Amino acid sequence: MKKVLTIAGFDSSGGAGLQADIKTFLTLGVHDLSVVSAVTAQNSKGVYGKKRVDFLKEQLETLGDDIKIDAIKIGMLSNKKDIKIVKNFLKNRKIPIVLDTPWVSSSGYDLLDKRDIQYFAKKLFKLSTLITPNTLETNMLVGFDIKSLKEMKKAAKKLHKKYKLKHILIKGGHIKGDVAIDLLYDGKNFYIHKEKRVKSSVDFHGTGCVYSSAIAAYLAKGYSVKKAVKKAKKYITKSIKKSYRISKNGSKYLKGK
Ligand code: PLP
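A brief look at the structure comes next. All values derive from a computational prediction rather than experimental measurement.

**Description of the pairing of strand β2 (residues 31–43)**
Relative to β2, strand β1 (residues 3–11) runs parallel, the two being bridged by nine bridges. Across the sheet, Thr 6 pairs through a bridge with Ser 34, a residue of β2. When β2 meets strand β3 (residues 46–52), the two strands line up antiparallel, connected through six bridges. Of the residues in β3, the one forming a bridge with Ala 38 is Arg 52. In this structure, the hairpin formed by β2 and β3 is closed by a connection of two residues.

**Some details on the site of the ligand**
Every one of the 13 residues lining the ligand counts as a neighbour, but Gln 42, Pro 102, Ser 106, Gly 206 and Cys 209 are closest to it. Taking Ser 106, its side chain carries an N or O atom lying 2.7 Å from an oxygen atom of the ligand. Protein burial of the ligand: of its 390 Å² of free accessible surface, 91% is covered by the chains. Looking at side-chain class alone, the shell around the ligand contains six nonpolar, seven polar and no charged residues.

**Description of the sheet that holds strand β9 (residues 190–196)**
Ordered by their spatial adjacency, nine strands build an open sheet running β3-β2-β1-β4-β5-β6-β7-β8-β9, and the pairing between neighbours is mixed. The open sheet has two free edges, formed respectively by β3 and β9, since each of these has just one partner strand. Here helix α1 (residues 17–27) sits on the sheet and contacts β1, β2 and β4 (71–74); the angle it forms with β1, its principal contact strand, is near 150 degrees.

**Comments concerning the environment of Phe 89**
Relative to the helices and strands, Phe 89 resides in helix α3 (residues 80–90). Here the alpha-carbon distance between Phe 89 and Ser 247, two residues 158 residues apart in the chain, equals 39 Å. Apart from residues lying up to four places away in sequence, Phe 89 is in contact with Leu 5, Leu 60, Gly 64, Ile 69 and Ile 72.

**Section: the side chain of Asp 182**
Positionally, Asp 182 belongs in strand β8 (residues 179–185). Look at Asp 182 and you get buried, because its relative accessible area is 3%. Within the local environment of Asp 182, its side chain forms a polar contact with the side chain of Lys 233, the two groups lying 2.9 Å apart.

**Comments concerning helix α8 (residues 225–241)**
Its 17 residues place the ends of α8 24 Å apart at the C-alpha level, agreeing with the 24 Å of an ideal helix rising 1.5 Å per residue. Restricting attention to buried positions, one finds in α8 the residues Val 225, Ala 228, Val 229, Ala 232, Lys 233, Tyr 235, Ile 236, Thr 237, Ser 239 and Ile 240.

What counts, and at which threshold
- Residues numbered from 1 in each chain as written.
- Predicted model: local features only at pLDDT ≥ 70, side-chain atom pairs only at ≥ 80, totals over all residues.
- Heavy atoms only, no water.
- Pairing = 2+ DSSP bridges.
- Helix = DSSP H or I, 4+ residues; strand = E, 2+ residues; numbered from the N terminus.
- Near = heavy atom within 4 Å.
- Polar contact = N/O pair within 3.5 Å; in protein donor to acceptor, adjacent residues only side chain to side chain.
- Areas by Shrake-Rupley, 256 points an atom, 1.4 Å probe, with all protein chains shown as cover.
- Nonpolar A, V, L, I, M, F, W, Y, C, P; charged D, E, K, R; others polar.
- Contact = heavy atoms within 4.5 Å.
- Axes fitted to C-alpha atoms, helices over the stretch in contact; angles between N-to-C directions.
- Buried < 20%, exposed > 50% of the residue type's maximum accessible area, 1.4 Å probe, protein only.
- Expected span 1.5 Å × (residues − 1).

Put into structure tokens, the structure is as follows:
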């Protein structure tokens, strides 16, 4: 069985972060290696606190000494120290690495301090096979607001050049419209992935986490980046369609299976 590692934050409400990644790995038939970078206190309304887990290096080294890892997904890192530890762990690894950019939760909580975002980008982007920012995260890096596919393309080109990226997937779910459009760019070609938007009056929790961990699982299974993104987009759309509430007025949680 292929073994995929997630390095991510613990979500006490069971919808994002490590929990989302583990459920996705199990559903897609890969083994779930999981290293916790931070613990969050959160419920279906939002994140209320975070605490770094001062044990990241030990967890990573212990796994790395023993197990052949087939792909890595990286989620929440809450400070510079952890970014540096992960950077050292990733160096010279010749396996697919999917880097998510969960800097701010949908409820507006900073999972990573704003002042450390540039450091995150500079240290980790070039080591990754694919980075998966949404348009809000991309806005923070390019300095203009993305409201259309044209601007997504402009941003993808700009970031590809600036950070020497291999692939970038900009998720356009925050752009208004009947379809949710994501744009994949490999430095030469653009690939557009469209799905009909699933309408809801409340947010879906952990969508970015599930999407990026599904991509990592498909990459571990040997699919190309293009094919892995295509399959993961179908998977995330299906998971969103099957989402459910765990409280009154809270966000919706994605179904694992
Ligand atoms: N909590 C953790 C641990 C996460 O990793 C993330 C996103 O990656 C979130 C919360 C935020 O999820 P959402 O934006 O769906 O609220």
